[in-house]
Amino acid sequence: MPPSNLSSLTPDTFILTGIPGMEQLHVWISIPFCCMYLAALLGNGVLLFTIGTERSLHQPMFLFLSMLALADLVLSTTAVPRMLALFWFQAREISFGACLTQMFFLHFTCLTESVILLAMAFDRFVAICFPLRYGAVLTPSAVAKTGLAALLRNFCIIFPCIFLLRRLPFCGHNVIPHTYCEHMGIARLACADISANVWYGLVVPFTVGVLDLILIAVSYGFILQALSRLPSRAARHKALHTCGSHLCVLLLFYVPAAFAALTQRFGHNIPPQLHILLANLYVLFPPLLNPVVYGVRTQQIRDKVVKVFSLPRARE
């Protein structure tokens, strides 16, 4: 088929069906989803406001944490408002361009969170293994460059997905059995060979994510080696406690991400309702729980949150 005919087969809109087989429960499902989304907005907003207003928290560890909170807000906001509109108002249509934009920001933000978690592991590695060089290595300039490098790397990885999708003909197929647009969900509607989409969508982002995870594991290997040499048990406990929050966030991010990516491509025996529910929880749980984990386990943040929000009352 000539390229001109292929381009004419690009649909104007896609139809999002929500959770197949559970349409009658959409309103009920939307209630906990909406509550989790609002709680995620509140938690990450409080975290960003506290770190932004307290100069004592303008340290690399908390600057990386603010980047993670911002990424969490983008991740959940990219998917959840559209999902709630579908559940509440039957707003199932989404334009082709809006669908690709949503797909881009979802995958882009996921990879951004991965590299932020790597930067946070490196921060703990320098703080514990080379404490005297911490201020010289992790300068504000280095933190800013790390953030820019993360954005550039992930843009270069995810942007080709848009071209891989735009080249495909869809032959009238425009119904996506999901609550939001993601790469393989769109590609499977095409009436052409999607091998390039399958391999690129699996190998490139997955390889990058695994590489980040390996580097994180190496960092923690050096951290544990350094901790074993500390003479004081109290010092070892304090150092481990500072890493505990980060380890919890790592589990919250990588376990659901790996499960969602693998089941999307290989989990043919998994009911689609379960896959889509888990995919929705993936864009809600990390943004919801990350500020809780850091707020509960990090005393500096707890103290500063209390200080920031108790000042107005004190003035009264």
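Residues numbered from 1 in each chain as written. Predicted model: local features only at pLDDT ≥ 70, side-chain atom pairs only at ≥ 80, totals over all residues. Heavy atoms only, no water.

Brief notes about the packing of aromatic side chains
Then comes step 1: On inspection of all chains with the given rule, the structure shows 16 aromatic pairs.
Then comes step 2: Where phenylalanine 125 meets phenylalanine 222, the ring centres are 5.8 Å apart and the plane angle is 55 degrees; that geometry is what we call tilted. Linking phenylalanine 125 in helix α4 (residues 96-129) with phenylalanine 222 in helix α8 (residues 195-228), this pair joins segments that are 97 residues apart in sequence.
Then comes step 3: Note on phenylalanine 155 and phenylalanine 159: the rings are 4.9 Å apart at their centroids and 20 degrees apart in plane angle, and the pair reads as stacked. Note that phenylalanine 155 and phenylalanine 159 are positioned in helix α6 (residues 140-166) at a spacing of 4 residues, about one turn of the helix.
Then comes step 4: Ring-pair connections join several aromatic residues into one group, and the members of that group are Phe104, Phe105, Phe108, Phe155, Phe159 and Phe163. (Phe/Tyr/Trp six-rings, centres within 6.5 Å; stacked < 30°, edge-to-face > 60°. Helix = DSSP H or I, 4+ residues; strand = E, 2+ residues; numbered from the N terminus.)

Regarding the UniProt feature "transmembrane region" (unreviewed entry) in the protein chain
Then comes step 1: Mapped onto this numbering, the UniProt entry annotates "transmembrane region" (unreviewed entry) at residues 27-49, 61-84, 104-130, 142-165, 198-227, 239-262 and 274-294.
Then comes step 2: As annotated, residues 61-84 comprises 100% helix and 0% strand, and the C-alpha atoms at either end are separated by 34 Å.
Then comes step 3: Taken end to end, residues 198-227 is 100% helix and 0% strand, and its first and last C-alpha atoms sit 43 Å apart. (UniProt positions renumbered as here; feature names shortened; annotations may be inferred.)

Details of the sheet that holds strand β3 (residues 175-176)
Then comes step 1: Strand order in the open sheet made by the 3 strands is β2-β1-β3, with mixed pairing throughout. At either margin of the open sheet sits one strand with a lone partner, and together these are β2 (93-95) and β3.
Then comes step 2: Judged from the 3 bridges that link them, strand β1 (residues 13-16) and β2 form a sheet pairing that is antiparallel. What sits directly across from isoleucine 15, in β2, is glutamate 93.
Then comes step 3: Set on the sheet, α4 makes contact with β1, β2 and β3; between it and β2 the angle comes to about 85 degrees. (Pairing = 2+ DSSP bridges. Contact = heavy atoms within 4.5 Å. Axes fitted to C-alpha atoms, helices over the stretch in contact; angles between N-to-C directions.)

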